[in-house]
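The residues making up each chain are set out below.
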Amino acid sequence: MRILIIGLGSIARKHIAALRNIDPDVEILALRSSRGATGCDGVRDIYDISALKDTDIDFAIISTPTSEHIGSIMTARHIGCPLFIEKPIYHTLECESAVKDLMMSGVLTYVACNLRFLDCIRYVKNAVETRGVAVNEVNVYCGSYLPEWRKGVDFRDVYSSKPEMGGGVNIDLIHEIDYLYWIFGSPENTVKVLRNNSTLGIRAVDYANYTMDYGNFCASVVLNYYRRDYRRTLEIVWEDETWLCDLSANKVTRTSDGHVIFRSDKSIPDTYEDQMRYFVELVKNDRNKSINTVGDALNVLKICL
């Protein structure tokens, strides 16, 4: 395989590691904006997209900062290859026209929301589709401590703290809204509260609270950047019992008696390779639609914003 990467930050390096596990002989090219930028071992830097005019590229990975996604997508479209786009699709809804044009082009797109490949989330989705028991309430929570996300880096200087770069907990942790959309579809109505008044003292949103109305039940989503003891959970209040899905432990527990209904030995980092294998197979088999197209990602962004 020959892959182009636009944006060579920390998330791109996770995708590179996944690609090399899948195909040790993969050739990776990185489109760089500066010759002085730090490179990556085994990755060939290029500085002009026209250098690929006569080069076959299997697909391109878009992993620039969120605020640069649409520009990077437009650059990659010159190659005419499938696009693997890091979430979210963009940080504002000004992307709608570009997304619709991309959908009309017929190019294969996948927006990388890797929690769709976490075993406990997949178990819950299957239960919702097959269990035949009504859902009365859903509660989602994700709290983590932004200053510990990137060791040795001042958290106030990274894009997560800067709204103009696509930062904010509602954008960074759009995974939670995305997997609810994947499991339950689009809500009938959404009410939200977004704040940045915590002791972190950043300009970007550091607390987000959503109520998503699905008609027969509501889903509550709470996200924050300031919780020191990391917690990431999905609670399903069924008609007959309540399940707690602990994403960090990759297990589902019945809350009434603590019985573990489902457990997986995999963890969230494993999902990066699983989703990459999924996309590689789509490309190899000439598929034209993924489980999370740019159209789906736009729908999720509309819920978020």
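This is a predicted model, so every value here is computed, not measured.

Draft legend 1. Quick look at the pairing of strand E11 (residues 226-238). Bridge count between strand E7 (residues 135-145) and E11: 9 bridges; the pairing is antiparallel. Of the residues in E11, the one forming a bridge with Tyr 141 is Thr 233. In terms of strand pairing, E11 meets strand E12 (residues 242-246) through 5 bridges, oriented antiparallel. Bridge pairing in E12 links Thr 233 to Asp 246. With antiparallel pairing between neighbouring strands as the criterion, E11 and E12 make up a hairpin whose turn holds 3 residues.

Draft legend 2. Main features of the packing of aromatic side chains. Scanning the entire structure with this criterion turns up 14 aromatic pairs. Grouped by ring-pair contacts, the aromatic residues Phe 59, Phe 84, Tyr 110, Phe 117, Tyr 278 and Phe 279 constitute a single cluster. Geometry around Trp 182 places Lys 125 over its ring, the cationic atom sitting 4.9 Å from the centre.

Draft legend 3. Fine view of the sheet that holds strand E4 (residues 59-62). Strand order in the open sheet made by the 6 strands is E3-E2-E1-E4-E5-E6, with parallel pairing throughout. Sheet topology places strand E3 (43-46) and strand E6 (109-112) at the edges, where each strand pairs with a single neighbour. Sheet twist, expressed as the average angle between the axes of neighbouring strands with direction ignored, equals 20°.

Draft legend 4. Broad picture of empty space enclosed by the protein. Going through the model one piece at a time under the given rule, you end up with 1 cavity of 30 Å³ or more. Taken as a whole, the largest cavity holds about 60 Å³ of empty space. As for the largest cavity, its lining consists of Lys 87, Pro 88, Ile 89, Val 111, Cys 113, Ile 174, Asp 178, Asn 292, Ala 297, Val 300 and Leu 301. Among the elements that make up the lining of the largest cavity, the one with the highest residue count is helix H8 (residues 294-304) (3 residues). A breakdown of the residues in the lining of the largest cavity according to their chemical character gives 8 nonpolar, 1 polar and 2 charged.

Draft legend 5. Just the sheet that holds strand E13 (residues 251-254), in detail. Read from one edge of the open sheet, 8 strands run E8-E9-E10-E7-E11-E12-E13-E14, paired in mixed fashion. The sheet is open, and its two edges are formed by strand E8 (189-195) and strand E14 (260-263), each paired on a single side. Between one strand and the next, the sheet's axes are offset by a mean angle of 15°, whatever the strand orientation. As defined by bridge partners, E7 adjoins strand E10 (residues 218-224) across 7 bridges and the pair is classed as parallel. Residue Asn 139 lies in a different strand from E10, and its bridge partner there is Ser 220.

Draft legend 6. The layout of surface pockets, seen in detail. By volume, the largest pocket amounts to about 1,400 Å³. Surrounding the largest pocket, 42 residues form its lining, Ser 10, Ile 11, Lys 14, Arg 150 and Tyr 159 being those nearest its centre. The set of elements that each furnish at least two residues to the lining of the largest pocket consists of helix H1 (10-22), helix H2 (69-77), E7 and E11. Here the lining of the largest pocket gets 4 residues from one element, more than from any other, and that element is H2. When the residues that make up the lining of the largest pocket are grouped by side-chain class, the tally is 18 nonpolar, 15 polar and 9 charged. As a volume, the second largest pocket reaches approximately 150 Å³. Lining the second largest pocket are Leu 102, Met 103, Gly 106, Val 107, Thr 109, Asn 288, Lys 289, Thr 293 and Val 294. Here the residues of the lining of the second largest pocket are counted per class, giving 4 nonpolar, 4 polar and 1 charged.

Rules and cut-offs
Every chain's residues receive numbers from 1 upward, in the order its sequence appears when written. pLDDT decides what is reported in this predicted model: residues at 70 or higher carry local features, side-chain atom pairs at 80 or more are listed and counted, and totals for whole chains, interfaces and linings draw on all residues regardless. Side-chain measures here rest on the full set of heavy atoms in the structure, leaving out hydrogens and waters. Two strands make a pair as long as DSSP finds a minimum of two bridges between them. Only DSSP runs of H or I reaching four residues or more are called helices, and only runs of E reaching two or more are called strands; each is numbered from the N terminus. Stacked, edge-to-face and tilted labels apply to pairs of Phe, Tyr and Trp rings (six-membered ring for Trp) whose centres lie within 6.5 Å, assigned for plane angles under 30 degrees, over 60, and everything in between, in that order. Definition used: whenever NZ (Lys) or CZ (Arg) falls within 6 Å of the ring centre and also within 35 degrees of the ring normal, the charge is taken to sit over that ring. Comment: axis = line fitted to C-alpha atoms, over the contacting stretch for helices; angle = value between 0 and 180 degrees taken between N-to-C directions. Here a cavity denotes grid points, spaced 1 Å and computed from the protein atoms alone, that fit a 1.4 Å probe unable to get out, and a pocket denotes an open set having protein on both sides within 12 Å along at least 5 of 7 lines; residues with an atom within 4 Å of a point are the lining. Grid points are joined across faces, edges and corners, and a volume is the space filled by probe spheres set on the points. Think of it as three bins: nonpolar holds Ala, Val, Leu, Ile, Met, Phe, Trp, Tyr, Cys and Pro, charged holds Asp, Glu, Lys and Arg, and polar takes everything else, Gly as well.

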